Amino acid sequence: MNKSTLFLVSAALCHLTASAAYSACTTLSIDVPVTSIIFGDIPTSSAVINVPALNINNDSSDCTEDFMVNVTTYSTRPNGTHGWRIGNFATDDVFQLCWQFKGNLSTKPLFDISAICSSLGWNRFDAIAASDQNGSSNAGFADDVSTGSVRNLWFQLTTPTETDINDEQTFYISITAAAQDTF
């Protein structure tokens, strides 16, 4: 059994430079009340979905926003080497992390058993995990989020097929608010 922990580190605040299209919008802002998810002890070759979802709230005073999600780093072992690596598929010492935004008060999504996170609204983080992936690729639930609206963010974690790493694993996720129609 190997521990996997997913921590949501920050909700990045972005500031909009006023333009004619968005002149009424002054400051973008999001609120993420829960800052970590602990998946617990998970066997190899297993898939789990976080419960409950992370509630991402547009708490700006006057901005309609788009949300973007990104994996920013992952666990480093006590000896300084990397733990599990993110990949397009779960393999030896490689995990897969998929995500989806759903509307407020939504129910837990179904597992994507396709192995590529391409069905049922799921999106896969790329193996490089360095580029932001916007929520607009998921049925638009992360697009055009009006002030005071909430979107639920779900993660499906698939653990490596085999691992000799018994350290707790930590994955960092950032959520960014951007001006409406940015993505």
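The present account deals with the structure reproduced in this document. (Residues numbered from 1 in each chain as written. Predicted model: local features only at pLDDT ≥ 70, side-chain atom pairs only at ≥ 80, totals over all residues. Heavy atoms only, no water.)

A look at the nonpolar core
Right, on to step 1. Ile 56, Val 69, Leu 97, Phe 125, Leu 153 and Phe 155 are the most contacted members of the largest nonpolar core, which has 30 residues in total.
Right, on to step 2. Among the elements of the structure, β3 (36–42), β5 (54–58), β6 (65–74), β8 (94–103), β11 (150–158) and β12 (169–179) are those that each provide at least two residues to this core.
Right, on to step 3. Among the nonpolar cores identified, the runner-up in size contains 6 residues, and Ile 49, Ala 53, Cys 98 and Cys 117 belong to it. (Core = buried A, V, L, I, M, F, W, Y, C linked by side-chain atoms within 4.5 Å. Buried < 20%, exposed > 50% of the residue type's maximum accessible area, 1.4 Å probe, protein only. Helix = DSSP H or I, 4+ residues; strand = E, 2+ residues; numbered from the N terminus.)

What to know about the side chain of Thr 159
Right, on to step 1. Along the chain, the position of Thr 159 falls in the loop between β11 and β12.
Right, on to step 2. A distance of 3.1 Å separates a polar atom in the side chain of Thr 159 from the backbone nitrogen of Ser 45. (Polar contact = N/O pair within 3.5 Å; in protein donor to acceptor, adjacent residues only side chain to side chain.)

Regarding the packing of aromatic side chains
Right, on to step 1. Per the counting criterion, the structure on display carries 3 aromatic pairs.
Right, on to step 2. Aromatic side chains Phe 67 and Phe 101 sit 6.1 Å apart centroid to centroid with 45° between the ring planes, which places their arrangement in the tilted category. Linking Phe 67 in strand β6 with Phe 101 in strand β8, this pair joins segments that are 34 residues apart in sequence. Accessibility classification places Phe 67 together with Phe 101 in one group, the buried group. (Phe/Tyr/Trp six-rings, centres within 6.5 Å; stacked < 30°, edge-to-face > 60°.)

Notes on the environment of Phe 39
Right, on to step 1. Among the secondary structure elements, Phe 39 is positioned in strand β3.
Right, on to step 2. Among the residues examined, Phe 39 registers a relative accessible area of 15% and is labelled buried.
Right, on to step 3. Counting along the chain gives 11 residues from Phe 39 to Asn 50, while the straight-line C-alpha distance between them is 6.7 Å.

Let's talk about the state of the cysteines
Right, on to step 1. One pass over the structure, following the stated rule, counts 1 disulfide.
Right, on to step 2. The disulfide partner of Cys 98 is Cys 117, and the S-S distance across this bridge is 1.8 Å. The disulfide joining Cys 98 to Cys 117 has a torsion of about 95° about its S-S bond and is therefore right-handed. Of the two residues, Cys 98 sits in strand β8 while Cys 117 sits in the loop between β8 and β9 (123–124), which places them 19 residues apart along the sequence. Cys 117 matches Cys 98 in its accessibility class, with the two residues each being buried. (Disulfide = S-S within 2.5 Å.)

What about unusual backbone geometry?
Right, on to step 1. The omega torsion of the bond from Val 51 to Pro 52 falls at 0°, within 30 degrees of zero and hence cis.
Right, on to step 2. Although it is not a glycine, Leu 120 adopts a positive phi angle of roughly 60°.
Right, on to step 3. Structurally, the position occupied by Leu 120 is in the loop between β8 and β9.
Right, on to step 4. Phi angles above zero are rare outside glycine, and Asp 144 is one such case at about 55°.
Right, on to step 5. Inspection of the secondary structure assignment puts Asp 144 in the loop between β10 (133–134) and β11.

As for the pairing of β5
Right, on to step 1. Counting buried residues along β5, 4 of its 5 residues qualify, which places the element largely inside the surrounding structure.
Right, on to step 2. When strand β2 (residues 30–31) meets β5, the two strands line up antiparallel, connected through 2 bridges. Residue pairing in the sheet places Ile 30 in a bridge with Asn 58 of β5.
Right, on to step 3. Pairing of β5 with β11 involves 4 bridges; the strand directions are antiparallel. Opposite Leu 54, over in β11, you have Leu 153 as the bridge partner. (Pairing = 2+ DSSP bridges.)

Everything listed here is a matter of coordinates, which is why it stays silent on function.
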